Structure formats: structure tokens, C-alpha cells
Amino acid sequence: MAREIKTIGVLTSGGDAPGMNAAIRAVVRKGIANGVKVKGIKKGYQGLLNEEIIDLEKKDVSDTIQRGGTILGTARCSEFRTLEGQQAGAEICKKHGIDGIVVIGGDGSYKGAQALSKQGINTIGVPGTIDLDIACTEYTIGFDTAINTAMDAIDKVRDTSSSHERCSIIEVMGRDAGYIALWCGVANGAEDILIPEKYDYNEQNIINNIINNRKRGKTHHIIINAEGIGHSTSMARRIEAATGIETRATILGYMQRGGNPTCKDRFYASIMGAYAADILCEGKTNRVVGYQHGEFLDFDIDEALAMKKDISEYQYEVSRILSM
Ligand code: ADP
Ligand code: F6P
């Protein structure tokens, strides 16, 4: 029988993502509505090991849903990858009366949650990453804000690119995944979209594309390059040398992780956070919340981590046809 849950914790871990605050707020308010106490653990697993633990009341999450970043802070913590670190984390939870934790983060953070669950602390993961690279869910908190931020920035680079008749390589985040690049590439009408899942590292194809487009009278050439391919600056130098067309690289970087979350991120984060609080209060453990085919649902973490996710062939093909 599932043990009674009296106190739950919430932490954010890994890279921050817009909408994490909405998820924290939902965990706090739904947890309290379910009759449990809620504690916030600052700075991810590092904060857990440092015992940076605070009580959270409903009012503590007022005026946070619209804010980017995470009010709890986040961190990457190598110590938590070790068994000793995980055992210490579980002991600290017990000392503070924390029966279970909602972990808001990406795949790496889920592994930490899986480890804590093995140490007897109930855990539920909530997908918080701009990268959209978690296989068990069609949606991750932060993706929508990140692509909209990137899309706006790319539109601006395109204006100046056209004025100067330049080629622009714009590098977007995504770690090893090409979702941000694919979505922005389509939404910004890029001439080339380079994603790690599909790129053949044949720059001659890009060079031919630029030369042909220029002959057809196009004044700009936008290449969206995913971080997983990288090397945008050296790529720009090579392309300029081969085409004779001025080519500049812009790396959008951390601006993609900041800013006020979009409505979609606030909504998904709110439902996912509340769902996580509910199943944690029911005594479930080693689960992650996901969204598939219009439904919010939960999966075993071990199964979720074993799932594979790939770019849709159809979406990729369409992106290529539309860019021509
Ligand atoms: P994300 O959660 O965004 O994928 P990371 O991969 O950096 O980000 O993971 C965040 C944190 O989760 C790490 O700093 C570490 O504390 C914890 N973590 C990652 N992998 C493991 C693991 N295999 N075992 C235990 N904890 C892990
Ligand atoms: O996972 C989110 C993300 O922004 C990735 O897109 C990127 O590769 C990584 O985090 C950067 O992490 P850091 O904050 O450690 O530089």
C-alpha cells in the first residue's frame, strides 16, 4: 500500500525554462489544496544537498506565473550523480519530513529523480526544458516561449541581412536535438535548416543553394543552424570564401531561455504541475508527467528514459520543400 504523503517538495533542475514558475506555483497551490505541506528546494539537487529548503505557502507563489527563469533557482550538480550524493539527498529529505518531490527539469534531472526514488523518496518528474527533447511527451515547458523569442530575433536578423544582401547563419539552442531549429526554420522561412538528426555535413549543398538563390534574385539567405551542429562562425567564413557573398554568424544563445512565458507555456506548466502534485499526493513514485494526443498522463521514469524520440520525416520533408 502507498504510504501516506504529508509533505512534498518541489525543485527545478538543469537549464531553466520559461514556465517553470507556473509549474512551481501549480505544485504549491494544488498540493496545499490536497492537504499537504509544500517545501521549496532551492538550486536543484545542489540545493537539496546544501539543505536550502524553505516552506512555501500559497502567497509565496503570487506574482510569479508571468516571470521567466525559476524563483527556486536551478543548478547542475555532479555530486548527485554519485550513490553517496543520492543517499545524502534522501537522508536530507527524511530529516526535513519530505515524503516526495516534484522535479521540474529535463532527462538528466529525471535520472536524479529515479535515483532518489530508489532511495525511498517518492518522485515525480515534470518536463521543463526549451529543447523539446523528452521522448515520452509531445510538449516540454519552455519550448513555446523559446521558439517565439528565437523567431522574433531571426526576423530582425533577416531585415538587416536583406538590406546588406548578406547570408546569415543563425545558431539556435536545443542541445543535441533540432526541434527549435526546425520550428524556427519553418516559421522564419529559412533557406536552409540544419539539424543534427538529418545534417549530412556536406557544405557544398548549402553553397550551391546560396549561389542559385542569388541568381534567382534573392537578397538574403538565412541558414538556421542547430547548436548540436554548432561551429556557425567557421561555417560562415567557409561559405563566404566559397560564394563571395558576405556571410555573418549570429549565435542567439541564452536569450532563448529567458523572458516571460507564453500563454501556452503557462497553461501546460500549470496543468502539468498540478497533475504532478496530485499523483505525488496519491503516493505514486518514479513517474513523469507527459502530454500526448491531447491528454496529460504519466509514465514510469525507467520506461520514459528508454523511449526514443525523432524528428518527424514528414515535417522535415515539408521544411525542405518550403525553403526552396
Ligand atoms: P536536464 O535536466 O536539463 O537534462 P542535466 O542533464 O544537466 O539537465 O541534469 C540536471 C542534473 O540532474 C544534473 O546536474 C545532476 O545533478 C542530475 N543528474 C543528471 N544525470 C544524472 C544521473 N545519471 N544520476 C543522478 N543525477 C543525475
Ligand atoms: O537544455 C537547455 C539548454 O539551454 C540547451 O539548449 C543548451 O545546450 C544547454 O541548456 C546549455 O546549458 P548551460 O546553461 O549549462 O550552458
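Up top is the structure these notes are about.
This one's a predicted model, so the numbers in the text were calculated from it and none came from an experiment.

Re the site of ligand 2
Line of reasoning, step 1. Close contacts around ligand 2 come from Arg-76, Thr-129, Ile-130, Asp-131, Met-173, Gly-174, Arg-175, Glu-227, Tyr-254 and Arg-257, and that covers them all.
Line of reasoning, step 2. Side-chain polar atom of Arg-76 to an oxygen atom of ligand 2: 2.8 Å apart, as the coordinates give it.
Line of reasoning, step 3. Contact distances for ligand 2 include 2.8 Å between an oxygen atom and a side-chain N or O atom of Arg-257.
Line of reasoning, step 4. Across the complex, the protein chains shield 78% of the 400 Å² of accessible surface that ligand 2 would expose by itself.
Line of reasoning, step 5. The class makeup of the residues in the shell around ligand 2 is three nonpolar, two polar and five charged.
Line of reasoning, step 6. Lining the shell around ligand 2 are residues from two domains, each supplying at least three of them: domain 1 (7-142 + 261-306) and domain 2 (144-257).

What to know about the sheet that holds strand S4 (residues 100-105)
Line of reasoning, step 1. With respect to topology, seven strands assemble into an open sheet ordered S3-S2-S1-S4-S5-S10-S11, the strand pairing being mixed. Here the strands that pair on one side only, and so sit at the sheet edges, are strand S3 (53-56) and strand S11 (295-300). Across the sheet, the mean angle separating the axes of adjacent strands is 30° when strand polarity is ignored.
Line of reasoning, step 2. Pairing analysis gives six bridges linking strand S10 (residues 287-292) to S11, with the strands arranged antiparallel. From the neighbouring strand, Tyr-291 faces S11, where its bridge partner is Phe-296.
Line of reasoning, step 3. Contacts between helix H1 (residues 20-33) and the sheet are confined to strand S1 (7-12), strand S2 (37-41), S3 and S4, with S1 contributing the most and set at about 180° to the helix.

Side note on the sheet that holds strand S6 (residues 167-172)
Line of reasoning, step 1. Taking strand neighbours across the sheet as the criterion, the four strands line up as S7-S8-S6-S9 in an open arrangement whose pairing is parallel. The sheet is open, and its two edges are formed by strand S7 (192-194) and strand S9 (247-251), each paired on a single side. For this sheet the average axis-to-axis angle between neighbouring strands, irrespective of direction, equals 15°.

With respect to the site of ligand 1
Line of reasoning, step 1. Neighbouring ligand 1 are 16 residues; Arg-76, Cys-77, Gly-106, Gly-108 and Ser-109 lie closest to it.
Line of reasoning, step 2. Contacts to ligand 1 include Arg-76, whose side-chain N or O atom sits 2.8 Å from an oxygen atom.
Line of reasoning, step 3. Between Cys-77 and ligand 1, the recorded distance is 2.7 Å, taken from a backbone N or O atom to an oxygen atom.
Line of reasoning, step 4. Out of a free accessible area of 550 Å², ligand 1 has 87% covered by protein chains.

Examining the pattern of salt bridges
Line of reasoning, step 1. The full count for this structure, using the stated rule, is 14 salt bridges.
Line of reasoning, step 2. Its salt-bridge partner being Lys-43, residue Glu-52 comes within 3.1 Å of it at the nearest N-O pair.
Line of reasoning, step 3. You can call Glu-52 partly exposed: its relative accessible area is 23%.
Line of reasoning, step 4. Accessibility expressed as a relative area gives 40% for Lys-43, which makes it partly exposed.
Line of reasoning, step 5. Its salt-bridge partner being Asp-60, residue Lys-59 comes within 3.6 Å of it at the nearest N-O pair.
Line of reasoning, step 6. Residue Lys-59 is classed as exposed on the basis of its relative accessible area, which comes to 60%.
Line of reasoning, step 7. The class of Asp-60 is partly exposed, set by a relative accessible area of 32%.
Line of reasoning, step 8. Residues joined in a network through salt bridges with shared partners are Arg-166, Glu-246 and Arg-248.

Focus on a positive patch on the surface
Line of reasoning, step 1. Taken together, the side chains of Arg-76, Arg-81, Lys-111 and Arg-175 present a region of like positive charge at the surface.
Line of reasoning, step 2. In this fold, Arg-76 is placed in the loop between S3 and helix H3 (83-95).
Line of reasoning, step 3. The class of Arg-76 is exposed, set by a relative accessible area of 54%.

Examining the side chain of Asp-192
Line of reasoning, step 1. Of note, Asp-192 is situated in strand S7.
Line of reasoning, step 2. No salt bridge is formed by the buried Asp-192, whose closest oppositely charged neighbour, Arg-320, lies at an N-O distance of 6.4 Å.
Line of reasoning, step 3. Of the polar contacts made by the side chain of Asp-192, one reaches the side chain of Asn-209; its length is 3.0 Å.
Line of reasoning, step 4. Among the polar contacts listed, one links the side chain of Asp-192 to the side chain of His-221, at a separation of 2.7 Å.

Regarding unusual backbone geometry
Line of reasoning, step 1. If you check the backbone angles, Asp-63 has positive phi at about 60° while not being a glycine.
Line of reasoning, step 2. Structurally, Asp-63 is set in the loop between S3 and H3.
Line of reasoning, step 3. One non-glycine residue with positive phi stands out, namely His-231, at about 55°.

Rules used in this analysis
Residues numbered from 1 in each chain as written. Chains lettered and ligands numbered in written order. Predicted model: local features only at pLDDT ≥ 70, side-chain atom pairs only at ≥ 80, totals over all residues. Heavy atoms only, no water. Near = heavy atom within 4 Å. Polar contact = N/O pair within 3.5 Å; in protein donor to acceptor, adjacent residues only side chain to side chain. Areas by Shrake-Rupley, 256 points an atom, 1.4 Å probe, with all protein chains shown as cover. Nonpolar A, V, L, I, M, F, W, Y, C, P; charged D, E, K, R; others polar. Domains from an automatic or database assignment. Pairing = 2+ DSSP bridges. Helix = DSSP H or I, 4+ residues; strand = E, 2+ residues; numbered from the N terminus. Axes fitted to C-alpha atoms, helices over the stretch in contact; angles between N-to-C directions. Contact = heavy atoms within 4.5 Å. Salt bridge = Lys/Arg side-chain N within 4 Å of Asp/Glu carboxyl O. Buried < 20%, exposed > 50% of the residue type's maximum accessible area, 1.4 Å probe, protein only. Patch = residues over 30% accessible without salt bridge, like charges linked within 9 Å, V, L, I, M, F, W, Y side chains within 5 Å. Lys, Arg positive; Asp, Glu negative; His and termini not counted. Charge placed at Lys NZ, Arg CZ, Asp CG, Glu CD.

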